[in-house]
Amino acid sequence: RKFMNPLMKNRHAARGERGGGGADSVESGVEGTSDSDYASNGDISLSKPIADVYEATTVLFADLAGFTAWCSERPPEHVFLLLETLYREFDHVAIEMGIFKVETIGDCYMAVCGVPDTRADHAVAMAKFALEMQRKMDFVRESLTQRLGDEVMVLKLRVGFHSGPVTAGVIRGQRARFQLFGDTVNTASRMESTGKPGRIQVSTAAADELTKAGFASWLVAREETVEAKGKGRLHTFWLEGDRKDMRALPRSFSQSGIFVPDDEDEGEPMHLQRCERSDDTATECTTEVVMLDIPQEFDIHPSQYGEA
């Protein structure tokens, strides 16, 4: 398989190095072949397509609920600051967890596990990635409120994933792209679109993979079935994660599980406090020092646009 190592491509993208954004790269992993080559040499049908079938994969879609209405009232700089900061956080986590970012289309983020490197724990890895995406979403919203305004808190991440086989390959030609095809992709998209803001919806097939791996406790069956176009009524599950590891904060803290002090200086380490709570009393708190990766070229404050 003549794929460029996707993790290396994602590393380049996350660092802002030349080489482009993973699957959206102009060269898209076609060794020794660029768009100009195809434009000048013409007939790509003379060479063998770069494609394969992967039997064990998990495909994820994530979408920002409320984004269309929010961005319609925001300046372009606000929209791009949010998306760049959020996607950069997602990309870092994807690299760490061995998840392949396929592409972003507007406010939709698509990823896959089990392609091009096969792995038996593809569903478990994707479940952990989805949970971390929700945490990063909360973190980014909290951290950008001073620059984007409190309205950014209305945005929530709606996530869905499904496990099954996919056909994967590079569509060659102008702006060649790595893409996935098949019913698994369609069903994963339905898991996202029929889900709820702030939650992670999982198909029965993905839930079965998690159960076999010993993670049944992470799942809660959705009470009602969902209508998925072309699929009929489906039984699905909510991914809740390990309840023993869930952080709850005192009422004075944010619901995201993270307290972000207002007086933190930009560019300096942020001291985030996480607490575990028993009943209504915080019993244990830990402080975590992190750096939020916000593009430095942005220097935006809501007051620039007439907001309080």
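These notes cover the structure that comes with them. Just so it is clear, the structure is predicted and the values come from calculations on it, not from any experiment.

Criteria and cut-off values
Residues numbered from 1 in each chain as written. Predicted model: local features only at pLDDT ≥ 70, side-chain atom pairs only at ≥ 80, totals over all residues. Heavy atoms only, no water. Helix = DSSP H or I, 4+ residues; strand = E, 2+ residues; numbered from the N terminus. Salt bridge = Lys/Arg side-chain N within 4 Å of Asp/Glu carboxyl O. Core = buried A, V, L, I, M, F, W, Y, C linked by side-chain atoms within 4.5 Å. Buried < 20%, exposed > 50% of the residue type's maximum accessible area, 1.4 Å probe, protein only. Contact = heavy atoms within 4.5 Å. Expected span 1.5 Å × (residues − 1).

Structural notes on unusual backbone geometry
Generally, phi is negative for residues other than glycine and the peptide bonds are trans, each holding for most cases. The omega torsion across Val115 and Pro116 is -10°, close enough to zero to call that bond cis. Note on placement: Pro116 falls in the loop between β3 (108-113) and α5 (122-148). The backbone phi angle of Arg175 is positive, close to 50°, even though this residue is not glycine. By the secondary structure assignment, Arg175 is in the loop between β4 (156-171) and β5 (177-181).

Focus on the pattern of salt bridges
According to the stated counting rule, one finds 15 salt bridges in the structure shown. Here Arg135 and Glu132 are joined by a salt bridge, their closest N and O atoms 3.2 Å apart. With Arg135 and Glu132 both in helix α5 and three residues apart, this pair spans about one turn of that helix. Here Glu224 makes a salt bridge to Lys196, at a shortest N to O gap of 3.9 Å. In this pair, Glu224 is assigned in the loop between β7 (219-221) and β8 (226-228) and Lys196 in the loop between α6 (183-193) and β6 (200-203), connecting sequence segments 28 residues apart.

Side note on the nonpolar core
Judged by nonpolar contacts, the single largest core of 44 residues is most densely connected at Leu60, Leu82, Tyr109, Phe129, Phe161 and Leu239. Contacts of Leu239, omitting those with residues within four sequence positions, involve Ala127, Ala130, Leu131, Phe161, Ile200, Val202, Leu210, Trp218 and Leu219. Within the second largest apolar cluster, 18 residues are counted, among which are Met110, Val166, Ala176 and Ala188.

Overview of helix α4 (residues 76-97)
Between its terminal C-alpha atoms α4 stretches 31 Å, which fits the 32 Å expected from 22 residues at 1.5 Å a residue. Taken from the residues just after α4, Gly98 is the one with a positive phi, measuring 75°.

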